[in-house]
Amino acid sequence: MMSMSAKIDDWLLEILACPKSKAPLRLDAEAGELICDESGLAYPIRDGIPVLLVDEAREIR
């Protein structure tokens, strides 16, 4: 499997929140996703842009 290796600026990561739970997100750069541990969702990062839509997220639990 090819590594996607995403990068999000630290200042942006500090202000982003899960649209479902409103909890903070953490970056999984290898998977190219933003993870919400509270809601159990992983949001994709496409072309360097976080896609924070619940319908686009995948469940990680």
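This write-up is about the structure you can find in this document. (Residues numbered from 1 in each chain as written. Predicted model: local features only at pLDDT ≥ 70, side-chain atom pairs only at ≥ 80, totals over all residues. Heavy atoms only, no water.)

Here the focus is the pairing of strand β2 (residues 33-36). In β2, alternate side chains face the same way, and those of E33 and I35 on one face and L34 and C36 on the other are all buried. By the bridge criterion, 3 bridges tie strand β1 (residues 26-28) to β2 in an arrangement that is antiparallel. Residue pairing across strands places D28 opposite E33, the latter belonging to β2. Hairpin remark: β1 followed by β2, antiparallel, with 4 residues in the connecting loop; positive phi at G32, about 70 degrees. Summarising the sheet, β2 and strand β3 (residues 41-46) pair through 4 bridges and their orientation is antiparallel. Note that in β3 the partner of I35 across the bridge is A42. The antiparallel hairpin formed by β2 and β3 contains 4 residues in its connecting segment, where G40 sits at a positive phi of about 70 degrees. (Buried < 20%, exposed > 50% of the residue type's maximum accessible area, 1.4 Å probe, protein only. Helix = DSSP H or I, 4+ residues; strand = E, 2+ residues; numbered from the N terminus. Pairing = 2+ DSSP bridges.)

This part is about the side chain of S39. Within the secondary structure layout, S39 lies in the loop between β2 and β3. Here S39 falls in the buried class, since its relative accessible area comes to 17%. Beyond its immediate chain neighbours, meaning those up to four positions away, S39 contacts C18, K20, S21 and R61. (Contact = heavy atoms within 4.5 Å.)

This part covers the pattern of salt bridges. Applying the stated criterion across every chain yields a total of 3 salt bridges. Measuring nitrogen to oxygen at the nearest pair gives 2.8 Å for the salt bridge that ties E33 to R58. Of this pair, E33 sits in strand β2 while R58 sits in strand β5 (residues 58-59); the two residues are 25 residues apart in sequence, bridging distant segments of the chain. E33 sits in the buried class, given a relative accessible area of 10%. (Salt bridge = Lys/Arg side-chain N within 4 Å of Asp/Glu carboxyl O.)

The next subject is the nonpolar core. The biggest cluster of nonpolar side chains holds 13 residues, and the ones touching the most others in it are I8, C18, L25, L34, C36, Y43 and I45. In terms of residue count, β3 provides more of this core than any other element does, 3 residues in total. Residues within four places of C36 in sequence aside, it is in contact with C18, S21, A23, P24, L25, L41, Y43 and I60. (Core = buried A, V, L, I, M, F, W, Y, C linked by side-chain atoms within 4.5 Å.)

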